[in-house]
2 protein chains.
Amino acid sequence: MRNSTYFLPTLKETPSEAQIASHRLMLRAGMVRQSAAGIYSWLPLGLRVLNKVADIVRDEQRLAGAQELLMPTIQPAELWKESGRYDDYGKEMLRITDRHAREMLYGPTNEELITALFRDSVKSFKALPKILFHVQWKFRDEVRPRFGVMRGREFLMKDGYSFDIDAEAARRSYNRMFISYMRTFSRLGLKAIPMRADTGPIGGDLSHEFHILAETGESEVFVHKDFIDLDWSRRQVDYDADLQELVDELTGKYAVTGEKRDRAVEARLGDQLVSARGIEVGHIFYFGAKYSRAMNAVVSSPNGEVPVEMGSYGIGVSRLVGALIEANHDAAGIIWPEPVAPFQFGLINLKKGDPACDDVSEQLYAALGSEVLYDDRDERAGVKFAEMDLIGLPWQIAVGPKGLAAGIVEVKRRAGGQRSEMTLEAVLNRFAGPQAR
Amino acid sequence: MRNSTYFLPTLKETPSEAQIASHRLMLRAGMVRQSAAGIYSWLPLGLRVLNKVADIVRDEQRLAGAQELLMPTIQPAELWKESGRYDDYGKEMLRITDRHAREMLYGPTNEELITALFRDSVKSFKALPKILFHVQWKFRDEVRPRFGVMRGREFLMKDGYSFDIDAEAARRSYNRMFISYMRTFSRLGLKAIPMRADTGPIGGDLSHEFHILAETGESEVFVHKDFIDLDWSRRQVDYDADLQELVDELTGKYAVTGEKRDRAVEARLGDQLVSARGIEVGHIFYFGAKYSRAMNAVVSSPNGEVPVEMGSYGIGVSRLVGALIEANHDAAGIIWPEPVAPFQFGLINLKKGDPACDDVSEQLYAALGSEVLYDDRDERAGVKFAEMDLIGLPWQIAVGPKGLAAGIVEVKRRAGGQRSEMTLEAVLNRFAGPQAR
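Below: a short report on this structure.

Calculation rules
Residues numbered from 1 in each chain as written. Chains lettered and ligands numbered in written order. Predicted model: local features only at pLDDT ≥ 70, side-chain atom pairs only at ≥ 80, totals over all residues. Helix = DSSP H or I, 4+ residues; strand = E, 2+ residues; numbered from the N terminus. Rg over C-alpha atoms; globule rule 2.2 N^0.38 Å. Buried ≥ 20, exposed ≤ 12 C-beta atoms within 10 Å, placed from the backbone. Contact = placed C-beta atoms within 7 Å. Core = buried A, V, L, I, M, F, W, Y, C linked by C-beta atoms within 7 Å. Nonpolar A, V, L, I, M, F, W, Y, C, P; charged D, E, K, R; others polar. Pairing = 2+ DSSP bridges. Axes fitted to C-alpha atoms, helices over the stretch in contact; angles between N-to-C directions. Least-squares fit on C-alpha atoms with pLDDT ≥ 70 in both. Expected span 1.5 Å × (residues − 1). Arc of directions from axis to C-beta. Parallel < 35°, antiparallel > 145°, perpendicular 65-115°, else oblique. Left-handed = near helix turned anticlockwise from the far one by under 90°.

Describing the overall build of chain A
And step 1. Secondary structure assignment for chain A yields 14 helices and 23 strands.
And step 2. In summary, chain A has a C-alpha radius of gyration of 24 Å against a globular reference of 22 Å for 437 residues, a match within 12%.
And step 3. Each principal axis of the C-alpha atoms in chain A carries an extent, and together these give about 80 × 60 × 40 Å.
And step 4. Across the 437 residues of chain A, 49% fall into the buried class.
And step 5. Excluding contacts between residues fewer than 6 apart, the proportion of contacts in chain A whose partners are at least 24 apart in sequence is 74%.

Things to note about the nonpolar core
And step 1. Counting 255 residues, the largest nonpolar core has Val53(A), Ile212(A), Ile397(A), Val53(B), Ile212(B) and Ile397(B) as its most contacted members.
And step 2. Residues in contact with Val53(A), not counting those within four places in the same chain, are Leu188(A), Val317(A), Leu320(A), Val321(A) and Val340(A).

A few points about the interface of chain A and chain B
And step 1. Each partner contributes residues to the interface: chain A has 38 residues there, and chain B has 38 residues.
And step 2. Counting residues per element, the ones that place at least two in the side of chain A that touches chain B are β1 (32–36), β2 (39–42), α2 (44–63), β3 (67–68), β4 (74–76), β5 (94–97), α5 (111–121) and β7 (130–139) of chain A.
And step 3. Broken down by class, the residue content of the side of chain A that touches chain B amounts to 23 nonpolar, 6 polar and 9 charged.

Topic: the sheet that holds strand β19 (residues 345–349) of chain A
Paired through their backbone hydrogen bonds, the strands of a sheet run either parallel or antiparallel.
Residues and elements named next belong to chain A.
And step 1. Within the open sheet, the 5 strands sit side by side as β20-β19-β21-β22-β23. Their pairing is mixed. Both edges of this open sheet fall to β20 (372–375) and β23 (419–422), since each of them pairs with a single strand only. Recorded for the sheet is a direction-independent mean angle of 20° between the axes of neighbouring strands.
And step 2. Alignment of strand β21 (residues 395–399) against strand β22 (residues 409–413), held across 4 bridges, turns out to be antiparallel. In the sheet register, Gln396 faces β22, and the bridge partner there is Lys412.
And step 3. Running at roughly 165° to β19, helix α11 (residues 355–368) makes contact with β19, β20, β21 and β22 of the sheet.
And step 4. Docked against the sheet, helix α12 (residues 381–391) engages β19, β20 and β21, running at close to 175° with respect to β19.

A few points about the sheet that holds strand β6 (residues 103–106) of chain A
Residue and element names in this part refer to chain A.
And step 1. Taken in spatial order, the 3 strands of this open sheet run β4-β6-β5, and their pairing is antiparallel. Strands at the two margins of the open sheet, each flanked by one partner only, are β4 and β5. Adjacent strand axes in the sheet meet at a mean angle of 35° when their direction is disregarded.
And step 2. Here β5 runs beside β6; their pairing, made up of 4 bridges, is antiparallel. For Ile96, the partnering residue across the bridge sits in β6 and is Met104.

With respect to the relation of the copies chain A and chain B
And step 1. Placing chain A over chain B gives an RMSD of 0.0 Å and needs a rotation angle of 180°, together with 0.0 Å of translation along the axis. Look at the turn and shift together and you get a two-fold axis relating the two. Judged by C-alpha distance, Ile96(A) is the residue of chain A that lies nearest the rotation axis, at 2.9 Å.

Some words on α11(A)
One full turn of an α-helix is made of 3.6 residues, so residues set three or four places apart face in the same direction.
Residue and element names in this part refer to chain A.
And step 1. Helix length check: α11, at 14 residues, gives a terminal C-alpha distance of 20 Å against a target of 20 Å (1.5 Å per residue), a fit within 8%.
And step 2. Residues of α11 that are buried: Cys357, Val360, Ser361, Leu364, Tyr365 and Leu368. Taken end-on, α11 shows its buried residues confined to a sector of 140°, consistent with a single buried face. Summarising the geometry of α11, the exposed residues directed more than 90 degrees from the buried face are Pro355, Asp359 and Ala366.
And step 3. Where α11 is buried, its residues touch β19, β20, β21, α13 (401–405), β22 and α14 (424–432).

Thoughts on unusual backbone geometry
And step 1. In this chain, Leu128(A) is followed by Pro129(A) through a cis amide linkage whose omega measures -5°.
And step 2. Within the secondary structure, Pro129(A) is located in the loop between α5 and β7.
And step 3. Of note in this structure, Ala101(B) is not a glycine but carries a positive phi near 65°.
And step 4. With respect to the element layout, Ala101(B) can be found in the loop between β5 (94–97) and β6 (103–106).
And step 5. Phi at Asn296(B) is positive, roughly 60°, even though this residue is not glycine.
And step 6. One can find Asn296(B) in the loop between α9 (290–294) and β14 (298–301).

A look at the environment of Asp87(B)
And step 1. Checked against the element boundaries, Asp87(B) lands in helix α4 (residues 85–88).
And step 2. Taking the C-alpha atoms as reference points, Asp87(B) and Gly160(B), 73 residues apart in sequence, are found 24 Å from one another.

Some thoughts on the packing of helix α11 (residues 355–368) of chain B against helix α14 (residues 424–432) of chain B
Residues and elements named next belong to chain B.
And step 1. Where α11 contacts α14, the axes come no closer than 10 Å and their chain directions differ by 15°. With respect to α14, the axis of α11 lies roughly parallel. Here the hand of the crossing between α11 and α14 comes out right-handed. Between α11 and α14, the contacting residues are Val360, Leu364, Ala367 and Leu368 on the first element and Leu424, Val427, Leu428, Phe431 and Ala432 on the second.
And step 2. Of the residues assigned to the contact of α11 with α14, the class counts are 9 nonpolar, no polar and no charged.

Some thoughts on the pairing of β2(A)
Residues and elements named next belong to chain A.
And step 1. What you see with β2 is no split at all: Ile39 and Ser41 on one side and Tyr40 and Trp42 on the other are buried throughout.
And step 2. The sheet contact formed by β1 and β2 spans 4 bridges and is antiparallel. Each bridged residue has a counterpart across the sheet, and for Gln34 the counterpart in β2 is Tyr40.
And step 3. The antiparallel pairing of β1 with β2 creates a hairpin that spans 2 residues between the two strands, and Gly38 there sits at a positive phi of about 70°.

Regarding the environment of Gln344(A)
Residue and element names in this part refer to chain A.
And step 1. Tracing the backbone through its elements, the reader meets Gln344 in the loop between β18 (333–334) and β19.
And step 2. For the pair Gln344 and Trp395, spaced 51 residues apart in sequence, the C-alpha separation works out to 6.2 Å.
And step 3. Leaving out residues up to four positions away in the same chain, Gln344 has contacts with Glu338, Glu371, Leu393, Pro394 and Trp395.

With respect to the environment of Val360(A)
Residue and element names in this part refer to chain A.
And step 1. Looking at the secondary structure, you find Val360 in helix α11.
And step 2. Val360 gets classed as buried once you count the C-beta atoms within 10 Å, which come to 21.
And step 3. Measuring from C-alpha to C-alpha, the distance between Val360 and Asn349 comes to 8.9 Å, with 11 residues separating the pair along the chain.
And step 4. Discounting residues that sit within four places of it in the chain, Val360 has contacts with Val399, Leu404, Val409 and Leu424.

The structure is reproduced here in structure tokens:
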């Protein structure tokens, strides 16, 4: 993509309404624009990141045996009356009346809808276990939406639901999702910490939140230092095996948010205790037959008809984009981890109009394919460098007349800032050859 | 994917509420389920088709120079008051009041929102032309939703918007979209006919609808026979060239819906006239400064500040899934064109438990990758064949003990029904080898 034609309205000034780094940087980098309080439009650069995050989430769901479907945003109120949550949910639920005066709502979550779908389609225990998920926009009418996409009203969520014949099988599904969440966040380049959580309005017996660490995170967390070096992204997991031991290993380590500190345990941990800041990006629940019993989602089994045992599993996909920036930025701008960077390469033509610069830039642009953003504008070098730092692509490749006279272009790694001078051939080999990355 | 674990609730009986072929077949093939009147959940098989259709639409938009962004589903009413459409739009618009009593709405289309986005981001004519599009759920509160996803209330639409400095440049953008629509529908395996159309509530001077031909289509159409053999999918188009001649060639040929017939022209056409049935799947508009003037979307230019010239371009993505089935089915079920088939291959193990059948089936399953649906259930052969015909995958590969004894498996093309006996090696070469398809 060429900057000269790309719809990338970056801002030089920091918008006054933005209180946190990710909100400021997403506005300044031309990733999003607010369309109403807590409701955002994702501009092309932001959408590329959102899609990459969603695709990694999807891929890990699939690896863990979950199947993707897509439920609508608008739901009939009757389903929520069946479960009893229609009156409980309060003002966060966006209630709607259609032209025939039927009560509808914009789904804040989908336990009811998926339970109805399952009830109408599955009759026998032989179809179990099932884990079904979708990636769909949700609406929660927050009193005070703020922090950009971190606490918006319309937001993109991956929510999954498991269906099992009994509590033991449901525990296996819960563990699958638990481990797949660890892998998901690691693949996004984040350090994820599972924490025992309250179940809140979803209900149920067992629940964990996943927080990722970021210096500017919203809440204080206290965790065992082992979590800091965990990297699950390359870890092979056999999802058909019993994962209880892995889960126990993780849940056995101390990890709490500020309000749940246990000073006695912390004293024993000594220098194994790390205090940090975290952002909640995932939440999983085991709630048994709460919805299936209320909504009559039963299957036949050798023991007669039984209500299915269920769990639900959420990841805040749009929130993750903000969380990724909170975890990866500096004073100059965003520093994207490669798996979610909108483009891998920022190509800077330092002297647009100079035949040698134009020629080498065009060669690189053609060779680097869909993962390069080429700043081909007639702008000062300083402006181009600052904007590339702001939008934070992993690699910057600068093509200037001085360098070319010496046969080189300059390559900068955004993370760390290391620069190296490379020949055009070396750059092509490194980034566009068959061995590239 | 294995049928034994796939969430694919097919129906043996035809649901009584379904009046047209695509609705019946989408329900029976386990592609969708109705969650409320005119509101559907897309089950895994249906979602695979929806995604493939959307991706082809996106790809052709990109080739024509359009850039993807993503606007929210919920919009503030103020924008529609600025354009003057808030009161005009009537009961089809789903109006919503949030917890702070602010008037909102579920977007039925996005002219206002994109104009506001453009107005706040683009100040100079140098940033033009721009074509921006998104693929997002829309809501239109139809009085009588029916025909499944063909006339639903919540539906997926690709809507794009062009911004140009003057009428001449706007005509070039219109032509780009015109030609890209012809290519899009051809790539989906459909015969598309452009027809001059009324502009309706969008407004403007120039508009074309795109109908695709299907025997069970909703409206009668009368068209020049040249349209029947048009295939744009392999046609190279230079979008930077002047496309007026191509557009004139297409719009110069007779093509009308029933209510707009011109008997005199038809008499002259003689046997060049074809009568057929069509389904509207796209609609494009040039409306000049209608929204930009009302909403003050102006850019600086050598002639001072001018309101931008705009057009809008819609494709009904979820409707296309229904239209594809109307155009491609027989008494036994759906016949998917390869580009949008949920899976390319249906692998049928005719004798589950037979070591040779299981072994060869597993080999094929592994070799055919993500594009194979493997019926590994313990069911009668007749049930399996009927279900494969129903869901309509392009190729069926049947593995049975008799065939294997003779060293062969049976391959059937769903379209046309031709069967051939092939060795396992030949099947692997044909469908999974380096030269496959």
